[in-house]
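Inside the fold
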Amino acid sequence: MESRYLRKFLGQCLSQALADVAKFKPVDPIEYLAFWIYKYKKNLATQQLRRMELAQLQQEQEAARMEQEMLKQLKEEELFFQQQQLELEMQEKERKKLEELEEQELAAELDVIKRFSLEEQEKSQEEQNGEEEETMSETPVEGDAISKTLAEISDRYGAPNLSRVDEVDESNVLEGALDFEREDI
């Protein structure tokens, strides 16, 4: 029973210690054996401490690696969000530029339309003025022609008998209508 105990706890240690005693043949073998066993125990404790430190170091390295991976993922996500934000800002700028261009194009088109309508009004006014001048030049401007009635001027049968014809200056009426239309535009 005692031999089992000694083999279980001191088997390898004791056999190595006795082998060293036989090899070196110290003067006091019992003291040498005692110191050798104390040293063996100290070495075992140191080895066990190293194993624990190594296991702890591996755990810390694993934790550090995991933390680096998480930081890397966070940086990638942050970069991704920044890129998305930049893309959104660029799209917003492009949209604003397009709106500004559309507004400028509309303003240019309105200017062209206004110029065209003004030119058309000027042309029509010039044509009316030209027609009035032609009609004025064709009609006699003598004092007798003004006092004649329409029936006297007209050769048609059944023309009304008016005592006098007053000519109204239509250019003033036309200018007033054109001014009213310009205000609407």
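This one's a predicted model, so the numbers in the text were calculated from it and none came from an experiment.

1. Examining the overall build of the protein chain
The helix and strand tally for the protein chain stands at five helices and zero strands. Counting from the amino terminus, helix and strand elements in the protein chain follow one another as α-α-α-α-α. Intrachain contacts of the protein chain at a sequence separation of at least 6 include 39% that bridge at least 24 residues. A total of about 17300 Å² of accessible surface is found on the protein chain, and carbon and sulfur atoms cover 55% of it.

2. A short note on the pattern of salt bridges
Taken as a whole and judged by the stated rule, the model has four salt bridges. The salt bridge involving Arg-65 is made with Glu-69; its shortest N-O contact spans 2.7 Å. Of the two residues, Arg-65 and Glu-69 are both situated in helix H2 (residues 29-138); the distance of four residues between them amounts to about one turn of the helix. Relative accessible area serves as the criterion here: at 36%, Arg-65 is assigned to the partly exposed category. Through salt bridges with shared partners, a single network forms among Glu-62, Arg-65 and Glu-69.

3. Focus: the packing of aromatic side chains
Here the structure, examined in full by the defined rule, presents two aromatic pairs. Aromatic side chains Trp-36 and Tyr-40 sit 5.6 Å apart centroid to centroid with 10° between the ring planes, which places their arrangement in the stacked category. One end of the pair, Trp-36, and the other, Tyr-40, are both in helix H2, four residues apart, so they sit about a helical turn from each other. Since its relative accessible area comes to 18%, Trp-36 is described here as buried.

4. Some words on unusual backbone geometry
Even without glycine at this site, Lys-25 takes up a positive phi of about 50°. Position of Lys-25 among the secondary structure elements: in the loop between helix H1 (2-24) and H2. For Lys-25, a relative accessible area of 66% corresponds to the exposed category.

5. Quick notes on H1
In a regular helix each residue adds 1.5 Å, so 23 residues correspond to 33 Å; H1 covers only 28 Å between its end C-alpha atoms and thus falls short of that length. Most pronounced at Leu-10, the bend in H1 amounts to some 80°. Looking only at H1, the buried set comprises Cys-13, Ala-17 and Val-21. Count one or two residues on from H1 and you reach Lys-25, which has phi positive near 50°.

6. Digging into a negative patch on the surface
Taken together, Glu-119, Glu-120, Glu-122, Glu-126, Glu-127 and Glu-131 make up a surface patch of like negative charges. Its place among the elements puts Glu-131 in helix H2.

7. Quick notes on the confidence of the model for the protein chain
Mean pLDDT over the protein chain works out to 81, with 71% of the residues at or above the 70 mark. No element of the protein chain has a lower mean pLDDT than helix H3 (residues 143-147), which averages 52, and none a higher one than H2, which averages 90.

8. Considerations on a nonpolar patch on the surface
A surface patch of nonpolar side chains, amounting to about 340 Å² of accessible area, comprises Tyr-5, Leu-6 and Phe-9. With respect to the secondary-structure elements, Leu-6 resides in helix H1. Looking at Leu-6, the relative accessible area reads 40%, which means it is partly exposed.

Cut-offs and rules
- Residues numbered from 1 in each chain as written.
- Predicted model: local features only at pLDDT ≥ 70, side-chain atom pairs only at ≥ 80, totals over all residues.
- Heavy atoms only, no water.
- Helix = DSSP H or I, 4+ residues; strand = E, 2+ residues; numbered from the N terminus.
- Contact = heavy atoms within 4.5 Å.
- Areas by Shrake-Rupley, 256 points an atom, 1.4 Å probe, with all protein chains shown as cover.
- Salt bridge = Lys/Arg side-chain N within 4 Å of Asp/Glu carboxyl O.
- Buried < 20%, exposed > 50% of the residue type's maximum accessible area, 1.4 Å probe, protein only.
- Phe/Tyr/Trp six-rings, centres within 6.5 Å; stacked < 30°, edge-to-face > 60°.
- Expected span 1.5 Å × (residues − 1).
- Bend = angle between axes of the 7 residues up to and from the residue.
- Patch = residues over 30% accessible without salt bridge, like charges linked within 9 Å, V, L, I, M, F, W, Y side chains within 5 Å.
- Lys, Arg positive; Asp, Glu negative; His and termini not counted.
- Charge placed at Lys NZ, Arg CZ, Asp CG, Glu CD.
- pLDDT = per-residue confidence, 0-100.

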